[in-house]
Amino acid sequence: MKEAKFYENKGDYVICKLCPHNCKIKNGSTGICKVRKNIDGVLYSTNYEKITSIGLDPIEKKPLYHFYPGTKIFSIGSFGCNFRCDYCQNYEIVEGEALAIDLSIEKIIQLEEETNSIGMAFTYNEPTIFYEMVEDLAKEMRNRGKKNVLVTNGFINKEPLTHLLPLIDAMNIDLKAMSDDFYKKICKGKLDPVLETIKLSATKTHVEVTTLLIDEYNTSEEEIERLSYFLSNIDKDIVLHFSRYFPKHKMNNPATNLSTLTKAKEIAKKHLNYVYIGNVFGFDNSTYCPYCNSKLIDRNFKTQIVGIEKNRCSHCGQEIPIIY
Ligand code: SF4
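The name that an unreviewed UniProt entry assigns to the protein is AmmeMemoRadiSam system radical SAM enzyme, with the source organism given as Soehngenia longivitae.

Draft legend 1. Representation of the pattern of salt bridges within the structure. All chains considered together, the criterion is met by 23 salt bridges. One connected set of salt bridges, linked through shared partners, spans Glu8, Lys10 and Lys17.

Draft legend 2. Focus on the site of the ligand. Around the ligand lies a shell of 13 residues, among which Cys16, Cys19, Asn22, Cys23 and Cys33 are the nearest. In terms of residue class, the shell around the ligand is made up of 8 nonpolar, 4 polar and 1 charged.

Draft legend 3. Local environment of the state of the cysteines. Within this structure, the stated rule accounts for 0 disulfides. The thiol of cysteine 81 is not disulfide-bonded; the next cysteine sulfur, from cysteine 85, is found 6.4 Å away. For cysteine 81, a relative accessible area of 11% gives the class buried.

Draft legend 4. Region of interest: the UniProt feature "binding site: [4Fe-4S] cluster" (unreviewed entry) in the protein. UniProt tags Cys81, Cys85 and Cys88 as "binding site: [4Fe-4S] cluster" (unreviewed entry). Within the secondary structure layout, cysteine 85 lies in the loop between strand 9 (72-77) and helix 1 (91-94). Within the fold, cysteine 88 resides in the loop between strand 9 and helix 1. Note on cysteine 88: relative accessible area 16%, which makes it buried. The contact partners of cysteine 88, leaving out residues within four places of it in the chain, are Val94, Lys248 and His249.

Draft legend 5. Expanded view of the UniProt feature "domain: Radical SAM core" (unreviewed entry) in the protein. Feature annotation in UniProt assigns "domain: Radical SAM core" (unreviewed entry) to the following positions: residues 66-284. Note that residues 66-284 is 36% helix and 19% strand, and that its end C-alpha atoms are spaced 16 Å apart.

Draft legend 6. Representation of the sheet that holds strand 18 (residues 295-298) within the structure. Taken together, 3 strands build an open sheet; the order of strands is 17-18-19 and the sheet is antiparallel. A strand with exactly one partner marks an edge of an open sheet, and here the two such strands are strand 17 (287-288) and strand 19 (304-305). In this sheet, strand 18 lies alongside strand 17 in antiparallel orientation, the contact comprising 2 bridges. Bridge pairing links threonine 287 to isoleucine 297 in strand 18.

Draft legend 7. The arrangement of the environment of leucine 18 in detail. As for its position among the elements, leucine 18 is in the loop between strand 3 (13-16) and strand 4 (24-26). For the pair formed by leucine 18 and lysine 158, sequence separation is 140 residues and the distance between their alpha carbons is 8.7 Å. Once residues lying within four places of it in the same chain are set aside, the contact partners of leucine 18 are Phe6, Arg36, Thr128, Ile129, Tyr131, Ile156, Asn157 and Pro160.

Draft legend 8. Broad picture of the packing of helix 2 (residues 105-113) against helix 3 (residues 131-143). In the contact formed by helix 2 and helix 3, the axes pass within 10 Å of each other and the chain directions differ by 50 degrees. One element, helix 2, and the other, helix 3, form an angle in the oblique class. Handedness of the crossing formed by helix 2 with helix 3: right-handed. Contact with helix 2, carried on its side by Ile105, Ile108, Ile109 and Glu112, involves Met133, Asp136, Leu137, Glu140 and Met141 of helix 3 and no other residues of that element.

Draft legend 9. Looking closely at the environment of isoleucine 323. You can see isoleucine 323 is positioned in the segment after strand 21 (312-313). When residues no more than four places from it in sequence are discounted, the contact partners of isoleucine 323 are His66, Phe67, Tyr68, Pro69 and His206.

Procedures and definitions
Residue numbers restart at each chain and count upward from 1, following the sequence in its written direction. Since the coordinates come from a predicted model, pLDDT governs what is reported: local features require at least 70, and pairs of side-chain atoms require 80 or more to be given and counted, while whole-chain, interface and lining totals use all residues. Water and hydrogen atoms play no part in the side-chain values, which are based on all heavy atoms of the structure. Here, a salt bridge means any Lys or Arg side-chain nitrogen found within 4 Å of an Asp or Glu carboxyl oxygen. We call a residue near a molecule or strand when any one of its heavy atoms sits within 4 Å of it. Throughout this entry, Asp, Glu, Lys and Arg are counted as charged residues, while Ala, Val, Leu, Ile, Met, Phe, Trp, Tyr, Cys and Pro are counted as nonpolar. The remaining residues, Gly among them, count as polar. Whenever a pair of cysteine sulfur atoms sits within 2.5 Å, that pair is classed as a disulfide. Note on exposure labels: buried denotes an accessible area under 20% of the residue type's maximum, exposed denotes more than 50%, and partly exposed covers the range between, all computed with a 1.4 Å probe on protein chains only. UniProt positions are given in the numbering used here, feature names are shortened, and annotations may be inferred rather than shown by experiment. Runs of H or I in DSSP of at least four residues are treated as helices and runs of E of at least two as strands, each being numbered from the N terminus. Working rule for contacts: check all heavy atoms of both residues, and any pair within 4.5 Å makes them a contact. At least two bridges found by DSSP between two strands are what make those strands a pair. In this analysis an axis means a line fitted to C-alpha atoms, helices contributing only their contacting stretch, and an angle means the value between N-to-C directions, from 0 to 180 degrees. Angles below 35 degrees are treated as roughly parallel, those above 145 as roughly antiparallel, those between 65 and 115 as roughly perpendicular, and all remaining angles as oblique. Here is the rule for handedness: rotate from the far helix to the near one, and if that takes an anticlockwise turn smaller than a right angle the crossing is left-handed, while a clockwise turn gives right-handed.

Laid out in structure tokens, this is it:
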């Protein structure tokens, strides 16, 4: 355990100010995320140095398609979440306190150094609620010239986000829907803080966005249009990943129709330069130049940069915003 950041002692209780739930937590209790605990007026992060999952993943799996394509990243997760999505794809990990093992910051760094990773991804469960561990590891990684990646639901207050962003090289942020109703009913969260996180983060670091599409929940043409329009107002080059939903946890609806994914991509491409479809085989996820349509990155068998030279399309010379 480590003392948590961003809280206020109010005598009978503390207020956690890490995420927009702003939980009032009595002595001996935890907040909604179940990992920040008030012990005698001090708020602790109980998942500090507790690890449920470790892997060396292709960066494309985060998913990040425009950030060091073709490389691998050492990835870790702990337990807990500040959302309760009915379709949570990782609930075994999120609720997996019993599965966690103790690993010190030094040991995690040592494990990363034994790999050919470009850095560390904080992922698998919601990393913002193991904020203190992310911060300590990210500082170590930065000192070693390595990259830090955050894969997050974006439900974090502005102050902690602003404080963390200088350490983060890339983020994948979930934008689960464009409806507050969806966030409230299906995820037990709120939409607006996520939109604010995307807007702020995109001005400070590399951001890609993922939307898991669930037929009849967040797939209307109007909603896809609004989502893409929102992102394009931040930056037309922001990368959007549509991901295929499969039944999991408490949700039994059938897997997303392939035609829904195709249609969503078609709509989003009217607003955004780079849209991909993930979590399913059979779609061409190579990157094409938005100006001359030449292939820039081939992702058919293995990821290879085939048409970019000095950050420009080798065919038409247009600048291509890909970090590699
Ligand atoms: S991080 Fe956890 S304890 Fe803090 S406000 Fe969010 S849900 Fe509540």
